[in-house]
Every structure is written in structure tokens, then in C-alpha cells.
Amino acid sequence: SMIRAATGRWGFHVKAVRHELALCGSPERCAYRTAVECMDGSLYVLEEIDGCDIPRKSRLHARLDFLSNQGLVRINPYLTSKTGSFRETIDGRHFQISRFIPGLALKRPDYVFDRWRGNVLADFLIDLRAKSADLPESECGPPFSIMAFIRDLARRINAREPDRFKQIRPAIDFLETGF
């Protein structure tokens, strides 16, 4: 099967495809993804990516690898294959693999009001800033704008859940001041 052929490029021997496992993150970030269980019981996420996403994914792989080597915790870098690549191509299809991280389904949208999540995120962002200080410019790509992200997210929340948006509006207003 294609799944066995792809995981074999990383030296993994698949025992089972685990469709029943919930995968963290956005499914739309790739063409296809599934959890696989190897003979030794370890779990991984195999993703098939669109060819047009290869340049962006390559920058992402390089950034995650750099940050992992800097000691940033709470990230899940993609694994390198037996050839040393983060991506393998089989019959024109492109694959990448990361470790499976079990998660819990979030109670949407209420989880955004869990204070402890804000504290953990703040600690992560502080560590990220420190660990990314020497990120090579070639790994950077277009600059990320946290304010553009916040504005886009706020716009989508307002469109989908205007009552919820009213509740978080004070936080959005605070962020707009440039905190």
C-alpha cells in the first residue's frame, strides 16, 4: 500500500492504520493524513502534502528543526527520512511524518476562557522568542504578523459567533493597542 511504502522511507514498519485516533491540528493543512501504528507500538502521523505547498513546508521543516535544536519544547518537528529529508516523494505524491501526540477534543469555543491556557501560551511565546533570536534569515520566509493573525481571527469569530465576539472584544481592543 502507499501508506506502507511512504512510512518505509522513514524505516517504519506499519502494523495498523489508526483512523480512529483523533489528530490534533487543522486537517486542511494537508491533502490527507492519518495515524499509523508501527510494529513496536509507536504512533506517527503520516501526511500527504500538495506539491504547491512544498516551498512553504520546506521552510516550516527548517524552522521547526532549528527551534528543536535550540531546545524549544512543546513543538513537534517533522522527522527526517532514511535519506535525511523531511519529505519523500512516491509516484508524484509527497509525504511527511511527525510523532503522534494524543490530545483531547477541546470544548469549543469555551476553551478560550481557560486561564491556565493563557499562562502556558505566554510561557511558550516567551521561550519561542528567545529560542528563535538566531533563526537564519533564509529560514524565515515572509514575516509573520501577530496583529494580522489576531485581526483575521477576530473577524472570523465575529462573523460566526457575534455573541462570543462581544465577550472577547475587550481582549481584542487591548491587543489592538499594541500591548
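Before reading on, note that the structure itself is shown above.
What this report covers is the structure whose coordinates are included nearby. Everything numeric in this text was worked out from a predicted model, so none of it was measured. (Residues numbered from 1 in each chain as written. Predicted model: local features only at pLDDT ≥ 70, side-chain atom pairs only at ≥ 80, totals over all residues. Heavy atoms only, no water.)

## Looking at the pairing of strand 5 (residues 93-99)
Going by this rule: Only protein chains enter the accessibility calculation, which uses a 1.4 Å probe; a residue whose area is less than 20% of its type maximum is buried, one above 50% is exposed, and one in between is partly exposed. Helix and strand labels come from DSSP, where a helix needs a run of H or I of at least four residues and a strand needs a run of E of at least two; each type is numbered from the N terminus. The pairing criterion is simple: DSSP has to find at least two bridges between the two strands.
Burial analysis of strand 5 places five of its seven residues in the buried class, the great majority of the element. Two strands pair when backbone bridges link them, and strand 3 (residues 43-49) and strand 5 are joined in this way by six bridges, in the antiparallel orientation. Among the inter-strand pairings, Glu48 is bridged to a residue of strand 5, identified as Phe95. Sheet topology note: the strand 4 (residues 88-90)/strand 5 ladder contains three bridges and is antiparallel. The residue bridging Ile90 from the neighbouring strand is Arg93, located in strand 5. Hairpin connection between strand 4 and strand 5: a loop of two residues separates the two successive antiparallel strands, and Asp91 in this loop has a positive phi of roughly 50°.

## Focus: the side chain of Glu47
To be explicit about the condition: Throughout this description, a polar contact denotes any pair of N or O atoms lying within 3.5 Å of each other; where both atoms belong to protein, one of them has to be capable of donating a hydrogen while the other can accept it, and for residues adjacent in sequence the pair is counted only when both atoms sit in side chains. We call two residues contacting when some pair of their heavy atoms lies within 4.5 Å.
Note on placement: Glu47 falls in strand 3. Classification of Glu47 as buried rests on a relative accessible area of 0%. Here the side chain of Glu47 touches Tyr78 through a polar contact of 3.2 Å, side chain to side chain. A polar contact is formed between the side chain of Glu47 and the side chain of Gln96, at a distance of 2.5 Å. Once residues lying within four places of it in the same chain are set aside, the contact partners of Glu47 are Arg29, Cys30, Tyr32, Arg33, Tyr78, His94, Phe95 and Gln96.

## Observations regarding the pattern of salt bridges
Worth spelling out the cut-off: Salt bridge, as applied in this entry: a Lys or Arg side-chain nitrogen positioned within 4 Å of an Asp or Glu carboxyl oxygen.
Scanning the model with the defined rule gives 15 salt bridges in all. Arg93 is the salt-bridge partner of Glu48, the closest N and O atoms lying 2.8 Å from each other. Remark: Arg93 occurs in strand 5 and Glu48 occurs in strand 3; sequence separation between them is 45 residues. Classification of Glu48 as buried rests on a relative accessible area of 13%. The residue Arg156 makes a salt bridge to Asp152 at a minimum N-O spacing of 3.1 Å.

## A word on the packing of helix 4 (residues 146-160) against helix 5 (residues 162-176)
Put simply, the rule is: Between N-to-C directions, angles span 0 to 180 degrees; the directions come from axes that are lines fitted to C-alpha atoms, helices contributing only their stretch in contact. Just so you know how the angles are binned, under 35 degrees is roughly parallel, over 145 roughly antiparallel, 65 to 115 roughly perpendicular, and the rest oblique. In this scheme the handedness of a crossing depends on how the near helix is turned from the far one: anticlockwise by less than a right angle means left-handed, clockwise means right-handed. Following the grouping adopted for this structure description, the nonpolar residues are Ala, Val, Leu, Ile, Met, Phe, Trp, Tyr, Cys and Pro, the charged ones are Asp, Glu, Lys and Arg, and the polar ones are all others, Gly among them.
For the pair helix 4 and helix 5, interaxial distance at closest approach is 8 Å and the crossing angle is 160°. It follows that helix 4 is roughly antiparallel to helix 5 by the angle criterion. By crossing handedness, the relation of helix 4 to helix 5 is classed as left-handed. Facing Met147, Ile150, Arg151, Ala154, Ile157, Asn158, Ala159 and Arg160 of helix 4, the residues of helix 5 in contact are Pro162, Phe165, Ile168, Ile172, Leu175 and Glu176. Residues belonging to the contact of helix 4 with helix 5 are distributed by class as follows: ten nonpolar, one polar and three charged.

## As for the packing of aromatic side chains
Given two aromatic rings, their pairing is described by the distance between the two centres and the angle made by the two planes. Defined as follows: Any two of the Phe, Tyr and Trp rings considered here, Trp counted by its six-membered ring, make a pair once their centres fall within 6.5 Å; the pair's planes then place it as stacked at under 30 degrees, edge-to-face at over 60, or tilted in between.
One pass over the structure, following the stated rule, counts one aromatic pair. Relative to Tyr44, the ring of Phe12 has its centre 4.1 Å away and its plane inclined at 20°; by these criteria the two rings are stacked. Pair noted here: Phe12 is in the loop between helix 1 (2-8) and strand 1 (14-17) and Tyr44 is in strand 3, with a separation of 32 residues, a long-range link. The class for Phe12 is buried, based on a relative accessible area of 17%.

## Things to note about the environment of Cys38
One can find Cys38 in strand 2 (residues 32-38). Overall, Cys38 belongs to the buried group, its relative accessible area being 3%. Residues Cys38 and His13 lie 25 residues apart in sequence; the distance between their C-alpha atoms is 5.4 Å. Beyond its immediate sequence surroundings of up to four residues, Cys38 is in contact with Phe12, His13, Val14, Lys15 and Tyr44.

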